[in-house]
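Residue-level listing of the chains:
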Amino acid sequence: MNLEQRFAKIFDNVNGSSFVGIDTLTDVPLVGGKKNEHQGRVTKRTVGNQVMVFQNKKSSSYGDMVNRRLIAEGLDPASFELQPRTWGERIPETPFISHFKDDVTTFYLEVIFLRAGTSTYFLDGLAIPKAGIIGLKEASGGEQGGLENKVIIRSFKLTSIEKVRIDGMEYVL
């Protein structure tokens, strides 16, 4: 069974949305291009991310959550307009994205990010303090109609996910 099939089986029982724990090892994008001596050498392992996966069977779970939060904050939900994807294609009624580039299809798990786990950064496989990384850029969120409590979407490459915890089970990938 290949990796995509293993993930499909893990998330097969999700009907609508589900809370999930994931541990990841991701490549860290840096600014500074080829002149940055850390470029391509930094990874980040995060253990204990809490996320929500969703299938978008009837509507966009992301858009629905943004609108609920806008109303809760006393803001006009009409101030938010859901934009089309800028890359990849959502596989219908699954939490997965396929992305075709340079004759290669890569698969991602799209999640609503709830709470970050504990992260450790590595330079060439050795732990390094975050402050010691050259060219690390801070993440920024979209406008979301002026929302204070933003809904954060993340797409994790399947090959970067080390463990999944769902429905009382833990899967090591």
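This report concerns the structure included in the present document. Predicted, not measured: the structure shown is a model, and the values here were computed from it.

### Focus: the pairing of strand β1 (residues 17–27)
Alright, step 1. Here β1 runs beside strand β2 (residues 42–54); their pairing, made up of 10 bridges, is antiparallel. Its bridge partner lying in β2, S17 is registered against F54.
Alright, step 2. With four bridges joining them, β1 and strand β9 (residues 161–166) adopt antiparallel strand pairing. For T24, the partnering residue across the bridge sits in β9 and is I161.

### A few points about the pairing of strand β10 (residues 169–172)
Alright, step 1. Sheet topology places β9 next to β10; four bridges connect them, and they run antiparallel. By the bridge assignment for β10, V164 is matched with Y171.
Alright, step 2. Linking β9 to β10, which pair antiparallel, is a turn of two residues; within it D167 sits at a positive phi near 50 degrees.

### What about the environment of Q83?
Alright, step 1. Considering the arrangement of structural elements, one finds Q83 in the loop between α2 (61–72) and β3 (89–90).
Alright, step 2. What makes Q83 exposed here is its relative accessible area of 56%.
Alright, step 3. Considered as a pair, Q83 and I22 are 61 residues apart in the sequence and their alpha carbons are 27 Å apart.

### A look at the side chain of N36
Alright, step 1. As for its placement among the helices and strands, N36 is situated in the loop between β1 and β2.
Alright, step 2. With a relative accessible area of 6%, N36 lands in the buried category.
Alright, step 3. Sequence-distant contacts of N36, that is, excluding residues within four places in its chain, are made with L30, V31, I134 and G135.

### What about α2?
Alright, step 1. Over its 12 residues, α2 extends 16 Å from the first C-alpha to the last, a length consistent with the 16 Å expected when each residue adds 1.5 Å.
Alright, step 2. The complete set of buried residues in α2 reads S61, Y62, G63, M65, V66 and L70.
Alright, step 3. Packed against the buried residues of α2 are β2, β5 (104–115) and β8 (152–157).
Alright, step 4. G74 occupies a position one or two residues after α2 and carries a positive phi of about 75 degrees.

### Things to note about the side chain of S98
Alright, step 1. Along the chain, S98 turns up in strand β4 (residues 96–101).
Alright, step 2. Excluding residues that lie within four positions of it along the chain, S98 makes contacts with G88, E89, I91, T105, T106 and F107.

### Topic: the pattern of salt bridges
Between side chains of opposite charge, a pair can form as their charged atoms come close.
Alright, step 1. The full count for this structure, using the stated rule, is six salt bridges.
Alright, step 2. Its salt-bridge partner being E162, residue R45 comes within 2.8 Å of it at the nearest N-O pair. Linking R45 in strand β2 with E162 in strand β9, this pair joins segments that are 117 residues apart in sequence.
Alright, step 3. Residue E162 is classed as partly exposed on the basis of its relative accessible area, which comes to 23%.
Alright, step 4. For R165, the salt bridge is made with E170, and the minimal N-O distance between the two is 3.5 Å.
Alright, step 5. On the basis of relative accessibility, which here comes to 26%, the residue R165 falls in the partly exposed class.
Alright, step 6. With relative accessibility at 44%, the residue E170 sits in the partly exposed group.

Definitions and limits used
- Residues numbered from 1 in each chain as written.
- Predicted model: local features only at pLDDT ≥ 70, side-chain atom pairs only at ≥ 80, totals over all residues.
- Heavy atoms only, no water.
- Pairing = 2+ DSSP bridges.
- Helix = DSSP H or I, 4+ residues; strand = E, 2+ residues; numbered from the N terminus.
- Buried < 20%, exposed > 50% of the residue type's maximum accessible area, 1.4 Å probe, protein only.
- Contact = heavy atoms within 4.5 Å.
- Expected span 1.5 Å × (residues − 1).
- Salt bridge = Lys/Arg side-chain N within 4 Å of Asp/Glu carboxyl O.

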